[in-house]
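Breakdown of the fold
Chain by chain, the residues run as shown.
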Amino acid sequence: RLDLMVGDVNLFLSVEEELDDEGSVCSSVFQAELEVMIAVPSGRRRGLATLACEVMIGEAFRAGVERVFVKIKDGNEPSLRMFEKMGFEFVKYVECFGETELEVKKAIRDDWDIVRYDFVEKEP
């Protein structure tokens, strides 16, 4: 039964600019950092995080975002697996923060604009 908030999902939009040797912008990327948390244990392993992320990613790409990335803390294997299943790929590991950065670009999948409401609720 899902009649309460079980977590949240956030999307932080930014433009990353690359500068040439003279300090002029030579390229820029409209990107979004995605965060998701399912805080209530009974809400986990039900497909809710995947559904929420796919909705947000689809909206981001419709808004013109070119790249969506996530930062996963060490030891959070379920999150790594979830994002890898969605097509995210390894970018880098930041040792001082203990985080793995993964990214997905719209070109990897062409069906981000199809919202999936077909998850099956499982009893906790």
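Refer to the structure printed above.
Keep in mind that what you see is a predicted model, and the values were worked out from it rather than measured.

1. Describing unusual backbone geometry
Located in the positive-phi region is R45, a residue other than glycine, with phi close to 60°. R45 gets classed as exposed once you look at its relative accessible area, which sits at 71%.

2. Examining the sheet that holds strand 1 (residues 7-19)
Each strand in a sheet pairs with another by means of backbone hydrogen bonds, the pair being arranged parallel or else antiparallel. The strand order across the open sheet built from five strands is 1-2-3-5-4, with neighbouring strands paired in mixed fashion. If you trace the sheet from one side to the other, it starts and ends with strand 1 and strand 4 (89-94), each paired once. Mean inter-strand twist for the sheet, computed between neighbouring axes without regard to direction, equals 30°. As paired strands, strand 2 (residues 25-38) and strand 3 (residues 67-73) are joined by three bridges and run parallel to one another. When the sheet's bridge partners are listed, Q31 is paired in strand 3 with R67. Together, strand 1, strand 2, strand 3 and strand 5 (99-105) form the strand contacts of helix 1 (residues 48-62), whose direction differs from that of strand 2 by roughly 155°.

3. Side note on the pattern of salt bridges
Think of it this way: side chains of opposite charge can pair up when their charged atoms draw near. In the structure shown here, the tally under the stated rule is five salt bridges. One salt bridge in this structure joins E59 and R62, with 2.5 Å as the shortest N-O distance. Placement of both E59 and R62 in helix 1 is noted, with a separation of three residues, approximately one turn of the helix. Accessibility expressed as a relative area gives 42% for E59, which makes it partly exposed. Residue R62 is classed as partly exposed on the basis of its relative accessible area, which comes to 43%. Close ionic contact of E101 with R67 constitutes a salt bridge, the shortest N to O distance being 2.5 Å. Placement of E101 in strand 5 and of R67 in strand 3 is noted, with a sequence separation of 34 residues between them. The exposure classification of E101 matches that of R67, with both residues buried.

Definitions and limits used
- Residues numbered from 1 in each chain as written.
- Predicted model: local features only at pLDDT ≥ 70, side-chain atom pairs only at ≥ 80, totals over all residues.
- Heavy atoms only, no water.
- Buried < 20%, exposed > 50% of the residue type's maximum accessible area, 1.4 Å probe, protein only.
- Pairing = 2+ DSSP bridges.
- Helix = DSSP H or I, 4+ residues; strand = E, 2+ residues; numbered from the N terminus.
- Axes fitted to C-alpha atoms, helices over the stretch in contact; angles between N-to-C directions.
- Contact = heavy atoms within 4.5 Å.
- Salt bridge = Lys/Arg side-chain N within 4 Å of Asp/Glu carboxyl O.

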